[in-house]
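# Survey of secondary and tertiary structure
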Amino acid sequence: MIKITLPNGAVKEFEGTSVTGLQVAEGIGPRLAKDAIGVVVDGELKDLSEPIGRDAKVSVVTAKGGGGDDANAMYLLRHSGAHVMAEAICRLYPQTKLAYGPPVENGFYYDMELDHKLTVDDFVKIEEEIQKILAEDRKFTRYELGQKEAMEKIEKEGNPYKVDNAQRAMEGDANAVISFYATGEPGRNWEDLCRGPHVPSTGRIGAIKVMSVAGAYWHGDESKQQLQRVYGVAFPSRKELDVYLNQLEEAKKRDHRVIGKQMGLFTISPLVGSGLILWMPKGALVRQELEQFMREELARREYVPVYTPHIGKVDLYKISGHYPYYQDSQFPTIKMKERDKEDESEYLLKPMNCPHHIQIYAAEPRSYRDLPVRLAEFGTVYRFEQSGELNGMTRVRGFTQDDAHLFCTAEQVEGEFRSTVQMVMHVFETLGFKDYECRVSLRDPASNKYVGEAANWDRAEDTLRKVVKEVGIKAEEAKGEAAFYGPKIDFMVKDVIGRKWQLGTVQLDYNLPERFELEYIGADNARHRPVMIHRAPFGSMERFTGILIEHFAGAFPVWLSPVQVAVLTISEKFNDYANGVLEKLKVVNVRAEIDLSGDKIGGKIRRAREQKIPYMLIIGGKEQEQGAVAVRTRKDKDLGAMKVEAFLEKIVGEVKTRALPVE
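In every chain, residue numbers begin from 1 and rise along the written sequence. Note on the predicted model: pLDDT of at least 70 is required for a residue's local features to be given, and 80 or more for side-chain atom pairs to be given and counted; whole-chain, interface and lining totals, by contrast, use all residues. To obtain the side-chain values, all non-hydrogen atoms of the structure were used and water was disregarded.

## A few points about the overall build of the chain
Put simply, the rule is: Only runs of H or I of at least four residues qualify as helices and only runs of E of at least two qualify as strands under DSSP, and these elements are numbered from the N terminus. Each residue is assigned to one of three classes by its accessible area relative to the maximum for its type, calculated with a 1.4 Å probe on protein chains only: buried under 20%, partly exposed between the two thresholds, exposed over 50%. Throughout, a contact is declared for two residues whenever any of their heavy atoms are within 4.5 Å. Residue burial considers only the protein chains on display, and all accessible areas are found by Shrake-Rupley using a 1.4 Å probe.
Helices and strands together make up the secondary structure of the chain, namely 20 helices and 35 strands. Taking the principal axes of its C-alpha atoms as reference, the chain extends roughly 90 × 70 × 60 Å. Burial analysis of the chain (663 residues in total) assigns 52% to the buried set. For the chain, contacts bridging at least 24 residues in sequence account for 69% of all contacts bridging at least 6. For the chain, the accessible surface area stands at approximately 32,300 Å², while carbon and sulfur atoms represent 48% of it.

## Notes on the environment of Gly206
Turning to its location among the elements, Gly206 is positioned in the loop between strand S13 (191-193) and strand S14 (207-217). Judged by its relative accessible area of 33%, Gly206 is partly exposed. Along the primary structure Gly206 and Pro236 are separated by 30 residues, whereas in three dimensions their C-alpha atoms are 4.4 Å apart. Residue contacts for Gly206: discarding those within four places in its chain leaves Phe235, Pro236, Ser237 and Arg238.

## A look at the side chain of His357
Among the secondary structure elements, His357 is positioned in helix H12 (residues 354-361). Not counting residues up to four positions away in its chain, the partners in contact with His357 are Val306, Thr308, Leu375, Glu377, Asp403, His405 and Phe407.

## Side note on the sheet that holds strand S18 (residues 304-305)
Heads up, the rule is: For two strands to be treated as a pair, DSSP must find no fewer than two bridges joining them.
The mixed open sheet is built from 8 strands, whose spatial order is S18-S22-S23-S30-S27-S26-S24-S25. Every other strand in the sheet has two partners, leaving S18 and strand S25 (475-479) as the edge strands with one partner each. The sheet contact formed by strand S24 (residues 435-442) and S25 spans 5 bridges and is parallel. If you follow Leu442 over to S25, its bridge partner there is Lys479.

## Here's the deal with unusual backbone geometry
Gly196 connects to Pro197 through a cis peptide bond whose omega is -5 degrees. Among the structural elements, Pro197 can be located in the loop between S13 and S14. Each neighbour pair has its own omega, and for Leu371 with Pro372 the value is 5 degrees, a cis peptide bond. Tracing the backbone shows Pro372 in the loop between H12 and strand S22 (373-382). Notably, Asp137 is not glycine yet its phi reads approximately 50 degrees, a positive angle. Look at Asn589: it is not a glycine, yet its phi comes out positive at around 65 degrees. The topology assignment puts Asn589 in the loop between helix H17 (575-587) and strand S32 (592-595).

## Focus on the packing of aromatic side chains
Condition: We call Phe, Tyr and Trp rings a pair once their centres come within 6.5 Å, taking the six-membered ring for Trp, and we label the pair stacked below 30 degrees between planes, edge-to-face above 60, and tilted otherwise. Whether a charge sits over a ring depends on NZ of Lys or CZ of Arg being within 6 Å of the ring centre and within 35 degrees of the ring normal.
Following the criterion strictly, the structure yields 16 aromatic pairs and no others. Plain terms: the ring middles of Phe433 and Phe544 are 6.3 Å apart, the flat faces sit at 75 degrees to each other, and that makes the pair edge-to-face. Here Phe544 lies in helix H16 (residues 541-552) and Phe433 lies in the loop between helix H13 (413-430) and S24, a separation of 111 residues in the sequence. Put simply, the rings of Phe428, Phe433, Tyr436, Phe491, Phe538 and Phe544 pair up and form one aromatic cluster. Residue placement shows Lys153 over the ring face of Phe180; its charged tip is 5.3 Å from the ring centre. Here Arg366 stacks its cationic end above the ring of Tyr361, 4.9 Å away from the centre of that ring.

## Digging into helix H7 (residues 238-253)
Counting along an α-helix, one turn takes 3.6 residues, and residues three or four places apart therefore face a common direction. Let me state the cut-off plainly: Given the number of residues in a helix, its expected span is that number minus one, multiplied by 1.5 Å. Note that the arc is computed from the directions linking the helix axis to the C-beta atoms.
For H7, built from 16 residues, the straight-helix expectation of 22 Å at 1.5 Å per residue is met to within 8% by its first-to-last C-alpha distance of 23 Å. If you check which residues of H7 are buried, you get Glu240, Leu241, Tyr244, Leu245, Gln247 and Ala251. One face of H7 carries all of its buried residues, which in axial projection span an arc of 155 degrees. Away from its buried face, by an angle of more than 90 degrees, H7 presents the exposed residues Lys239, Val243, Asn246 and Lys253.

## Considering the nonpolar core
The cut-off we apply is this: The definition of a nonpolar core used throughout is a set of buried Ala, Val, Leu, Ile, Met, Phe, Trp, Tyr and Cys residues joined through side-chain atoms within 4.5 Å.
Membership of the largest hydrophobic core comes to 60 residues, with the highest contact counts inside it found for Leu290, Phe428 and Leu431. Residues contacting Leu431, with those up to four places away along its chain left out, are Leu290, Phe538, Phe544, Leu548, His551, Phe552, Trp559, Leu560 and Leu660. Ala73, Val84, Val210 and Ala234 belong to the second largest nonpolar core, which has 44 residues in total.

## Examining the environment of Lys488
Applicable threshold: What qualifies as a polar contact is a pair of N or O atoms within 3.5 Å, subject to a donor-acceptor requirement within protein and to the restriction that residues adjacent in sequence count only when both atoms come from side chains.
By secondary structure assignment, the location of Lys488 is in strand S26 (residues 488-494). With relative accessibility at 17%, the residue Lys488 sits in the buried group. Residues in contact with Lys488, not counting those within four places in the same chain, are Arg439, Val440, Ser441, Leu464, Glu481, Ala483, Thr505, Val506 and Gln507. Within the structure, Lys488 has its side chain in polar contact with the side chain of Asp490 (distance 3.4 Å).

## Brief notes about the environment of Arg499
Mapped onto the secondary structure, Arg499 falls in the loop between S26 and strand S27 (500-509). When the C-alpha positions of Arg499 and Tyr244 are compared, they lie 9.3 Å apart, and in sequence the two are 255 residues distant. Here the side chain of Arg499 touches Asp495 through a polar contact of 2.8 Å, side chain to side chain. Reaching out from Arg499, the side chain makes a polar contact with the side chain of Glu550 at a distance of 2.7 Å.

## A look at the pattern of salt bridges
Note the threshold: Counted as salt bridges are all cases of a side-chain nitrogen of Lys or Arg within 4 Å of a carboxyl oxygen of Asp or Glu.
A full pass over the atoms with the stated rule returns 58 salt bridges. The partner of Glu654 in a salt bridge is Lys650, with the nearest N and O atoms 2.9 Å apart. Separated by 4 residues within a single helix, Glu654 and Lys650 lie in helix H20 (residues 644-657), roughly one turn from each other. Judged by its relative accessible area of 16%, Glu654 falls in the buried class. Each member of the salt-bridge network shares a partner with another, and the members are Glu87, Arg91, Glu129, Lys132, Glu136 and Arg138.

## Details of the pairing of S22
Counting buried positions over the 10 residues of S22 gives 10, a clear majority of the element. A two-sided burial pattern is seen for S22, the buried positions comprising Val373, Leu375, Glu377, Gly379 and Val381 on one face and Arg374, Ala376, Phe378, Thr380 and Tyr382 on the other. As defined by bridge partners, S18 adjoins S22 across 2 bridges and the pair is classed as parallel. By the bridge assignment, Pro305 is partnered in S22 with Ala376. Bridge analysis of S22 against strand S23 (residues 398-408) gives 10 bridges, and the strand direction is antiparallel. Bridging from a neighbouring strand, Val381 pairs with Phe399 of S23.

## Side note on the sheet that holds strand S4 (residues 36-41)
The condition that has to hold: Note on geometry: axes are lines fitted to C-alpha atoms, helical ones only across the stretch in contact, with angles between N-to-C directions running from 0 to 180 degrees.
Across the sheet, which stays open at both edges, the 5 strands sit in the order S2-S1-S7-S4-S5 with mixed pairing between neighbours. Lying at the two open borders of the sheet, with one neighbouring strand each, are strand S2 (11-14) and strand S5 (44-46). Averaged over neighbouring strand pairs, the angle between their axes works out to 35 degrees when direction is ignored. Pairing of strand S1 (residues 2-5) with S2 involves 4 bridges; the strand directions are antiparallel. Bridge pairing in S2 places Ile4 opposite Lys12. Against the sheet, helix H1 (residues 21-28) touches S1, S2, S4 and strand S7 (56-62), its axis set at about 120 degrees to S2.

## As for the confidence of the model for the chain
Caution applies to low-pLDDT regions: their predicted coordinates should not be interpreted in detail. Put simply, the test is: The pLDDT value expresses, per residue, how confident the predictor is, ranging between 0 and 100.
For the chain, the mean per-residue pLDDT works out to 92, and 98% of the residues sit at or above 70. At the level of individual helices and strands, the chain shows its lowest average pLDDT in helix H11 (residues 322-325), which scores 74, and its highest in strand S17 (residues 278-279), which scores 98.

The structure is reproduced here in C-alpha cells:
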C-alpha cells in the first residue's frame, strides 16, 4: 500500500507499489481529476502521470483560475508553452536549432539559432501554428534513455546546443538518465531534450502569445554564435491572457520612468553612473514624507535612530558571512594603505546594514533589562547589479533601506516578531495596498547554503508560522528560499492593476548573534545570546517609491504629493488676491504653487493636471469678492466655491490623517 498525505492532513491509501498523481486526483474526486495538470510530491513539482513509489505528501495542481496566482500551475503552463512555441517555429523554419527554453517570472523564452531573422510580422504565423498544436491536444510524453543511447541520438540530430545541454546534465553523475518529452508519440511527433515537468497535453494550455524577440548568446558568451531569444506568455484561458495584455497596456501608462521624468521626481545621469538615483526636489519631497511617516511609527514603537558609514572593512562582512554569499553582486573592494603603516586595509561599500548595527549593539554591556534593543536607520547600501537587470528606480545599484534590527531575549521573540509584521501591514494599508499576502521562506535541510544549528532553525520557522497564522495573513511556504542566516517573511503586494510586487521583509536570525558572539546578562546573572530580527517595511526607498508612482500613476495621496495645491488666476487682475491665498496655504505648511502666466485658464488647469496636483484653486472676480476659491480636483471634479478657511481646514485634515485619494 502507498499512503498519500493530502494538504488538509487526510491520508489516502492506494494498493500496489506505486500510484500516479492522476490516480490521487481521481481518488479525491472526478472534478479535481478533470482540472488537474500536475502534482507536487514532497515539495517537488511532477508530471501528473509520473509514478509515486513511496509514502508521500501530495498536492494536486490545477489551472482553474490560475491567472498567475498559483506558481506551480503557471510554471507548468509556461514550460509547456515554451515547447509548443518551439515546435511551431520548427514547423515554419525546419533548419532551426533549439538551445534552451525555460519558464521565467512573467512567461517563458526559447533561445534558438535561425537563418531567418524573426520580426513582429512573423509572430502572426507562429501563433497560427501554435493554435493548431493546441487544437491537436497531443499528450506530453516523457521517456528516458541511458547516457550512451541518449548521446548517440542527440549527436545524430546535429544540434551542438543540445549536445552541450546533455553533457552538462550528466556532469558528475555516471548513472544519470537523460529525459525527453514528445508532444505525442516518441519517434512520430515533435520532441525535445527536457527534464520536465509539463501539463498532460497541449490542449490544456488555454492561450499562448508570442511577445518579443531579442538577441542572446549561448551561456552569455559573446564569442559564441548569436542566437535569437523569443519570448512568450501562456495562460489557462484566453480571458486571462486578455487581462494580462490589458494590464501590460495599463502598465505602460504607469511606467515610473516616464511619469518620474514628466513630474520631475528623479533622474539618472550617465556621469554619476547607471543604477544610481538622483532624487530631484519633487521626488525628494515624496521620499521625505515617506521617511517622516516611518519615523513617527518608529517613535511610537520605541525604536532608536542610528547612523552608520557607507563603507566597512571586509573583515566585518567575512565574520557576518555576507562576503562570500554576496561576492557576485557587490562592488569591488577598496584597498588602502595608511601613510604611517605597512599593512594594507581592505574596505567594501556596504552591501547591507546589519553588521554595522551589530557593532552598535556590541559597543556597550547589555542586560536583560535593556532588551529589546531596537535600532533603526535609513541606511544606504550598494549592490553591483548587472546592467541588463537595472530598471529605473525598481532595480538599482545604490539604495536606501528603512532598515531596523531588533535584539531581544528568546522569550521576547514572538511578541517582537508579531509587532514587526503588524507594522508592515499598517504601512501597506496606509498607502492603499489592500491586497497582499506573504511568503514564508524556509531552509532546505538538504542544502549546505545555511549556517547555524538545526534546532535554532526549527524554532525560528515555527515562530514564523505561528505569527502568520495569528495575524491572519494569507501565506505560502517556500522551501529553500530563506536567507543563509535565518527564515524570513516576504510580503507580496498587488497594486491597483493587479501586478504582484515583493515589498517589505521580516527575518528572524539566531545565527549572526552567534557569529559576532553577542551577549547580554540575564536575570540569572549569566551570559546569554540575544536573538536578532531584521525588518524593512519599505524594503528600499527607491524601489518602493517607483512602485508607488506606478500604483498611483503619479497621482499620489494629498499628503505624499510634491505639490498639493495649484493656485490659478483667470486674469492678472486677481494676482494680488491669489498671492494672498498662496501665503495662507504656506502658513499651514501646504505645498502650493501659483500660475500667474497670461495663459487662458484652460491651459493652466491642463498643466496642473499633467503634474497630478490634487487640488486646483481657481480665482476670478466672484472668488475675490467672496473671500473664496473655486475648487477643482485633478480628476476634473468641480467641488464648487469654498471659503479659503474652509478649504484650508479640509486639506490640512487630509494631510494629517494621510487620507487616500477618493476622486
